[in-house]
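Here is what each chain is made of, one letter per residue.
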Amino acid sequence: MSRIESRLKQLKGQGRKALIPYITAGDPHPDHTVELMHTLVAAGADIIELGVPFSDPMADGPVIALACERALAHNTSLRMVLEMVRQFRAQDNDTPVVLMGYLNPMEAMGYQTFVTAAKDAGVDGVLTVDLPPEEALDIAPIFAESGLDPIFLLAPTTTEDRIRSISEHASGYIYYVSVKGVTGSSSINVDDVGAKVNSIRALTSVPVGVGFGIRDAATAAAVGRVSDGVIVGSVLVDTIANNQENIEALKAALTNLLRPMREALDEVAS
Amino acid sequence: MSVKLTEEMLKALPDSRGHFGDYGGRFVSETLMDSLMVLEREYYKLRDDADFQAAFDKDLAEYVGRPSPLYFAERLTRETGGAQIWLKREDLNHTGAHKVNNTIGQALLASFLGKKRVIAETGAGQHGVATATVCARLGLECHVFMGAEDIQRQSLNVYRMKLLGAEVHSVTSGTRTLKDAMNEAMRDWVTNVDDTFYIIGTAAGPHPYPVLVRDFQSVIGRETRRQSMVQAGKLPDALVACVGGGSNAIGMFHPFLADESVALYGVEAGGLGLEGGQHAAPLSAGRPGVLHGNRTYLMEDENGQIASTHSVSAGLDYPGVGPEHSWLKDIGRAQYVSVTDDEALGGFRQLTRVEGIMPALESAHAVAYGVKLAATMDKDKMIVINVSGRGDKDIHTIAEIDGIGL
């Protein structure tokens, strides 16, 4: 059983919802990323999504696009991100880490090289924003052999047929994009999300995490009620942008954001 | 090792997933997949629909002013002293470039699909102007995304778009040029996917866009074929077209792909020279990767980050290229070469001085290479250079290089 699967099973057994924060690796500086990952875990993270910066993040809004620019200003490469995960694993062997990014840096490294290095560094899953399952036919066997979980996106526009076929390729969890838009979009309709998540659950047993539009304890709790977990990104990255100069203040601010979400989610627990 | 292509092979491409060999495809986030599949399905229906094709042909004839002439450049031929040089005059189209062929087609598609809001990206502004033009005519809401740097160097086109009723959005992310404008247009599309049609201006992007753009631009090659037979009594020996994303080139090349005797030359922007990396020539000096929804040759660093590009011509200043060109390169059917900024400026001046035709700086790359090529060929040979656009928009750039304030 993968680290992601066993973590989500464990949470389900406890009747709890997963809290999955996202930060971009190398933002505000590569030296701080591992420290920030530990901060997220201490504040209640169950799984960490670690963004791999890309020069052309076309599915991201301005907040995460700027985080990519800050990280790339320090030349944060995919190899460096893998090294960060390795350092994180020196102290934390339990918290699953999912790399989230775009295909081209992986393609440039070579898929077999990447998968071997990622597994070796302690990565558990990979979410590639611009890789729908139709284009993953050649890559999927390499992932399957390594045991890395391929995390796929579902969207409000995904038809039932596609939900079914994408679920066949997915493992770990499915990332449901709650709104039509880029990361950082604000308006989330919890009733619509709940209805769609129910229809996804009717078609697959893979756990469903919901992202886009979750910015505080209230939205986390509302979405947690209708899903297996929540993914929180832009609001954390915005906090990083606002506290670039002082790492201690940044860690406190991230903790202050995440901990109330953890508490609110645990109140939802059945 | 060129492969002999048959009509049958060409009909089978791209495959059902939008692949031309290793290239093309649909590398986008899930939210856009459904729209792209609907667009593909509807377009494949309309492609064989007589009413749709009749509407397209009528607009090309009566609104764009097609067919554009095939013109024998007698003085340029004499000055060059080699093969006969003919010019396909896309610069004479309404709005001054080949771009309008595609925007007419895609705007018709938008109307057939019932979309009222149109978005587009633009580099030099020609595609933005062509999109704003057809939107004005059809009464569609039009938003154009343009890099902040391009807005600076193409202010005339920005004003034209505004006069035509389009809203021009300045893009300040990344390198502030065409690739970033395309990112921003994709972001808008994913947000407004229900009511918005994205008119992509070049033969790149996710499937089915490379097919749409190629099909709508192929009128260039079809006319050239017919006109060559009528005016010269034979097919040309070589075709030359500039390649940024590659829409005018694929439109020119595609109807000739099965004609083995016709050599195809795509001319990329060599900028300050391929050696220093200051160029926009992914086919000449890049490697395959994935950007903007398709796998194709790209300019990138060793970590897979997209490299910044340089060209004197904003319309060629793009790190990728249409996937069908990547395939044509690999199978050896077309050759991709480059000329530098200085050579392109030379082409601009020569055509202006000798023939009284001012080409766009993009097209001037094709002129510069075409003249070099013709000089190596026998006098009984014939080449056609695609003059994809007119140079009025570049007068400020040329004047600045000459140290003249206008």
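Counting starts from 1 at the beginning of each chain's written sequence and moves along it residue by residue. Chain labels run from A onward and ligand labels from 1 onward, assigned in the order the entries are written. With pLDDT at 70 or above as the cut-off, local features in this predicted model cover only qualifying residues; side-chain atom pairs require 80 or more to be listed or tallied, and sums for whole chains, interfaces and linings still use all residues. To get the side-chain values, all heavy atoms of the structure are used, and hydrogens and water are removed first.

A. Here's a closer look at the overall build of chain B. For chain B, the count of helices and strands is 17 helices and 14 strands. At 19 Å, chain B has a C-alpha radius of gyration in line with the 22 Å of a compact globule built from 406 residues. In terms of its C-alpha atoms, chain B occupies a principal-axis envelope of roughly 55 × 55 × 45 Å. Counting across all 406 residues of chain B, residues that qualify as buried make up 65%. Residues are treated as being in contact if the distance between any of their heavy atoms lies within 4.5 Å. Partitioning the contacts of chain B with sequence separation of at least 6, the portion at a separation of at least 24 is 73%. Counting from the N terminus, the helices are DSSP H or I runs at least four residues long and the strands are E runs at least two residues long. It is over C-alpha atoms that the radius of gyration is taken, and the globule rule equals 2.2 Å times the number of residues to the power 0.38. Using a 1.4 Å probe on the protein chains alone, a residue whose accessible area is under 20% of its type maximum counts as buried, one over 50% counts as exposed, and one in between counts as partly exposed.

B. Fine view of the packing of aromatic side chains. Ring pairs shown here join Phe, Tyr and Trp side chains whose ring centres sit within 6.5 Å, with only the six-membered ring taken for Trp; geometry is labelled stacked below 30 degrees between planes, edge-to-face above 60, and tilted in between. A full pass over the atoms with the stated rule returns 13 aromatic pairs over all chains. Centroid distance Y175 of chain A to F212 of chain A: 6.2 Å. Interplanar angle 90°. Geometry classified as edge-to-face. A residue pair is termed long-range when its members are at least 10 positions apart, and Y175 of chain A in strand β7 (residues 174-177) and F212 of chain A in the loop between β8 (208-211) and α10 (217-225) qualify at 37 residues. With a centroid separation of 6.1 Å and an interplanar angle of 50°, the aromatic rings of Y198 of chain B and Y209 of chain B are classed as tilted. Taken together, the residues Y198 of chain B in strand β8 (residues 196-198) and Y209 of chain B in helix α10 (residues 209-217) connect sequence positions 11 residues apart. A ring has a charge above it when a Lys NZ or an Arg CZ is no more than 6 Å from the ring centre and no more than 35 degrees off the ring normal. Here R225 of chain B stacks its cationic end above the ring of F256 of chain B, 5.7 Å away from the centre of that ring. Stacked on the ring of Y297 of chain B, the Lys or Arg K329 of chain B has its end atom at 5.4 Å from the ring centre.

C. Structural detail: the sheet that holds strand β10 (residues 263-271) of chain B. Residue and element names in this part refer to chain B. A pair of strands is considered paired only if DSSP assigns at least 2 bridges between the two. Ordered in space as β3-β4-β14-β9-β10-β13, the six strands form an open sheet in which the pairing is mixed. Whereas interior strands pair on both sides, the edge strands pair on one side only; in this sheet they are β3 (70-72) and β13 (334-340). Across the sheet, the axes of successive neighbouring strands diverge by a mean angle of 25°, strand direction being ignored. Bridge count between strand β9 (residues 238-242) and strand β14 (residues 382-387): three bridges; the pairing is parallel. Looking across to β14, one finds that L239 is bridged to V384. Only the contacting stretch of a helix is used when fitting its axis, a line to C-alpha atoms as for every element, and angles between N-to-C directions run 0 to 180 degrees.

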